[in-house]
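Next come the chains, spelled out residue by residue.
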Amino acid sequence: MNKFKNFFILKFFLVFILIPNFNNAKEILIYADSISYDDEDNIIARGNAKIFQDDKLILSDLIIINKIDNKIILPAKFTLKDEENNYFEGENGYFFKNLEFGEFENPKIKLNDGSRLIGKKLKRNGKIDIISKGVYTPCNSRIKIGNFICPTWQLEGEKILHDNDNLFLYQKHSKMRVLNTPVFYIPYIVTPSPLRKERKSGFLTPSIAFNFFDTKTSQSTSLPYYFNIDIDKELLFTPMINYGGGVDSSQRFIFDYNQILSGGNLKTDLTFDSNFENKNNNKWLSDASLITNYNKNINEKYKVKIDSAFQTSKNYIQITKPNDELSYTNSLSTNFNLEGFNLRKLDDQLNISLNFYQTNQENEDNKLIPTVLPKIKYFSGYHNQYGSISNSNFEFYNIFREKSTVVHAKKQQKFSHKYNIKREILKFNSKISLDAEVYNQIFNTENKLISDDNYKTGSYYRFFPIVGISSETPFRLKNYKSNLTFKPSIHVVVTPSISNSNKLSNEDATNNDFSLNNIYVLNRYSGNDKMDNSKRITFGLSTYSESFNTNLYQSYEFTNNSNFHREQGNDYYLSDLLGSIEYFKTNDITYNFRYDVNESYLKKQYVSLNSATKYGEINLSYLDENSKTNNLITKDTETINYSFLSKKFSKFSKISFGGLYDLKEEINKEYSIRYSYFDECFGININFDRKSYKEDNLKPQDILTLMFSFKNIGSYKSTNLAVSENDKQDIEWEKINADYEKFEKN
């Protein structure tokens, strides 16, 4: 018993050896089942041997410490955990001092983000790990191909250098394999280390595009370089060089600058094309564009926003940045906005804007595009007095063009004051609302077209009050099982009935619509250049519960010359009937309609269904729109929109499709089919879009886009793979940043 006790004590006390001075290295602790010394005074630890040094740990069945050569010798398989929780496995190796210098064979490295590096041999030199015959992959998943199990993708390099200090991966003679199939080779590649949390300057992955046109081949190469200017500033510089194909060489330079400001941000995109190698061109700059976005909180009350877009020729932004929203607008603009809050009281607001426009469509005339210099709006905030709520809105604008349009003056200034007062009374189980708007406006107009070659210039004053009173009385039926609530309402509006003058240019009352959204609004125009001169009574009934809601409204005009009423297609005193039905318990179902009671036909109906099923989300909508003039149908539209977005299946996959079908023309005008796969390290998107046209001379437009995404590397996207023979020169692969949120997090 005493013999066993002595052995037990010996084991647990001898395995804990403190070596305070290992050639001036930090202290290390050694644990093992047995520890002994050989003839050369080397420490030999056998059986479950462990070495601790600060936050570093080595595990092996055999560890030899050579005090003369200052080596930790690891002849058997071992595991090393560093202070960053990265794990290294290997065999037949050694380390010096603080485990920062050494060599070992058959390295297997698992970084703390799950990425892995393996190779034939590893040499550590301080913060640099050099791996011979190395393979890198961030993939945890495995795919079995025949008898071979491989990750989704991997990079193989003759030499892989992992810089643990600057956090970059340098690879020499690198080859990428996807599903164990070689896809490309590059002599030298630098990628960010998976351990990198901070931004670093350096080259990003280059991209090479090959464009084929008949027997000619052209290429383009981009070499992006990232500048980490400061903690709040960054610049991405991307030069693109085009060559071959029997055309003059050209270059494109892209500068993408981003800066975080105190209380805002600044973003600038500069793109310009050049022809340095074109001997027949006297100017080096051929085209350019500059897009700037600036947001800044000046102080606790004011903030400024500046957006600008300039281009040297029409359509340049559409060509160079097809995914930018500016490519789809009629005019580029430069906007300056100054907003202020809580200037005199808590809820007042000030907005000052300057707007300049530039057309980007070939058939548009810049001389007709307006300049707004300035536009000022001030909202006084709400005032409560004697049970009423009131507010004031002040507005001034100065709008001018180089020449008049058919409907707009050459110049127009407006000063407008709108005073609104509202009072609500709860009485007789009803809510009675008294509402009034009073407008005082001064216009100064130059060259407003009245009729053929008849232009008017002058100053005009307009005083326009609108008064409304409304009442609504909700109730429920007695002994009715459901909690269904009925709410009848009535709204009476009185105005001076003064028709809008054609001497004034309508600059802000656009996108008007007769709908349930504005049925109870006093001035139903979206702006106040035009005024709603309607004397009318509006009546309606709403019915609702927790899962059900219906609305039915109609108005009657007392004014012969009601501008808004006539402009919105109401040809009689009694307006069209507006209604809606909504059901939102298990599925969201909505039905809206506009019915002409005088001509007895549906002018417009819209049905939508949104359903979340166990397979995915379904969205369906149906639109039917008609209009008549002298019993002849002048507008006849009937379309179906449909879309489906699946839930994930097979763990990482999703599919979706959608489209627009024209029932009148019997043609699927547009549809798309999309598939996506995103696991923890690899993603693929396949998108097919088609746009069809009824005209025989217009062929369907097909766009097939294929994008591969590699974690820590980037994404590669084709511009268009479904093109005709004559359009093959437009095929290219575009290097873009990967969306890391899409990768599956395990």
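In what follows, the structure referred to is the one given above.
Here is what the cut-offs are and how they apply
Residues numbered from 1 in each chain as written. Predicted model: local features only at pLDDT ≥ 70, side-chain atom pairs only at ≥ 80, totals over all residues. Heavy atoms only, no water. Helix = DSSP H or I, 4+ residues; strand = E, 2+ residues; numbered from the N terminus. Buried < 20%, exposed > 50% of the residue type's maximum accessible area, 1.4 Å probe, protein only. Contact = heavy atoms within 4.5 Å. Areas by Shrake-Rupley, 256 points an atom, 1.4 Å probe, with all protein chains shown as cover. Pairing = 2+ DSSP bridges. Phe/Tyr/Trp six-rings, centres within 6.5 Å; stacked < 30°, edge-to-face > 60°. Polar contact = N/O pair within 3.5 Å; in protein donor to acceptor, adjacent residues only side chain to side chain. Salt bridge = Lys/Arg side-chain N within 4 Å of Asp/Glu carboxyl O. Core = buried A, V, L, I, M, F, W, Y, C linked by side-chain atoms within 4.5 Å.

Novice: Account for the overall build of the protein chain, naming residues and giving values.
Specialist: A tally of helices and strands in the protein chain yields three helices and 48 strands. Each of the 746 residues in the protein chain was classed as buried or not, and the buried ones make up 40%. Within the protein chain, counting contacts between residues at least 6 apart in sequence, those at least 24 apart form 43% of the total. Looking at the protein chain as shown, the accessible area adds up to about 42000 Å², and 54% of this sits on carbon and sulfur atoms.

Novice: Give me the lowdown on the pairing of strand β39 (residues 588-596), citing residues and values where you can.
Specialist: Bridge analysis of strand β38 (residues 577-584) against β39 gives eight bridges, and the strand direction is antiparallel. By the bridge assignment, Leu 578 is partnered in β39 with Arg 594. Turn length for the β38-β39 hairpin, with the two strands adjacent in sequence and antiparallel, is three residues. Connecting β39 to the next strand, strand β40 (residues 601-612), in antiparallel fashion are four residues, including Ser 600 with a positive phi near 60 degrees.

Novice: Before we move on, could you go through the packing of aromatic side chains and cite the residues and values that matter?
Specialist: Considering all chains together, one arrives at 25 aromatic pairs under this definition. Relative to Phe 486, the ring of Phe 475 lies with its centre 5.6 Å away and its plane at 20 degrees, an arrangement referred to as stacked. Taken as a pair, Phe 475 in the loop between β34 (454-472) and β35 (485-494) and Phe 486 in strand β35 lie far apart in primary sequence, eleven residues in all. Assessed through its relative accessible area of 38%, Phe 475 is described here as partly exposed.

Novice: Requested: an account of unusual backbone geometry, with residues and values cited.
Specialist: The amide bond that connects Leu 373 to the next residue, Pro 374, takes the cis arrangement and shows omega of -10 degrees. With respect to the helices and strands, the residue Pro 374 is situated in strand β29 (residues 371-379). Backbone geometry at Asn 85 places phi at a positive 65 degrees, although glycine is not the residue there. Mapped onto the secondary structure, Asn 85 falls in the loop between β7 (78-81) and β8 (87-96). Note on Asn 85: relative accessible area 44%, which makes it partly exposed. Despite not being glycine, Ser 600 has its phi angle at roughly 60 degrees, a positive value. Following the sequence through the fold, Ser 600 ends up in the loop between β39 and β40.

Novice: Break down the environment of Ser 497 for me, citing the residues and quoting the values.
Specialist: Relative to the helices and strands, Ser 497 is located in the loop between β35 and β36 (536-544). Spatially, the C-alpha atoms of Ser 497 and Ser 562 are 7.3 Å apart, while their sequence positions differ by 65 residues. When sequence neighbours within four positions are dropped, the list of residues in contact with Ser 497 reads Asn 533, Lys 535, Thr 559 and Asn 561. Looking at Ser 497, its side chain comes within polar contact range of the side chain of Lys 535, at 2.5 Å.

Novice: Go over the pattern of salt bridges, please, and point to the residues and values.
Specialist: Counting across every chain of the model gives 30 salt bridges. Close ionic contact of Lys 121 with Glu 103 constitutes a salt bridge, the shortest N to O distance being 3.4 Å. You can see Lys 121 sitting in strand β11 (residues 121-125) and its partner Glu 103 sitting in strand β9 (residues 101-110), a full 18 residues away along the chain. A residue is classified by how much of its surface remains accessible, and Lys 121, at 38% relative accessible area, is partly exposed. The partner of Asp 662 in a salt bridge is Lys 669, with the nearest N and O atoms 3.3 Å apart. Taking relative accessible area as the criterion, Lys 669 reaches 30% and is therefore assigned partly exposed. Salt bridges here are not isolated pairs; linked through shared partners, they connect Glu 395, Lys 414, Asp 508 and Asp 529.

Novice: Please give an account of the nonpolar core that cites residues and values.
Specialist: Membership of the largest hydrophobic core comes to 42 residues, with the highest contact counts inside it found for Ile 30, Ile 51, Ile 63, Trp 153 and Phe 682. Broken down by element, this core gets its largest block of residues, four residues, from strand β4 (residues 43-53). Among all residues touching Ile 51, those that are not within four sequence positions of it are Ile 28, Leu 29, Ile 30, Lys 56, Leu 57, Ile 58, Ile 63, Ile 65 and Ile 72. Core analysis: the next-biggest nonpolar cluster, separate from the first, contains seven residues, Ala 509, Ile 519, Tyr 553 and Phe 564 among them.

Novice: Help me get a handle on the side chain of Ser 505, residues and values and all.
Specialist: Take Ser 505: it is sitting in the loop between β35 and β36. Overall, Ser 505 belongs to the buried group, its relative accessible area being 1%. Among the polar contacts made by the side chain of Ser 505, one reaches the side chain of Glu 507 at a distance of 2.9 Å. Ignoring anything within four residues of it in the chain, the contact list for Ser 505 reads Tyr 397, Val 407, His 408, Ala 409, Gln 412, Lys 448 and Asp 529.

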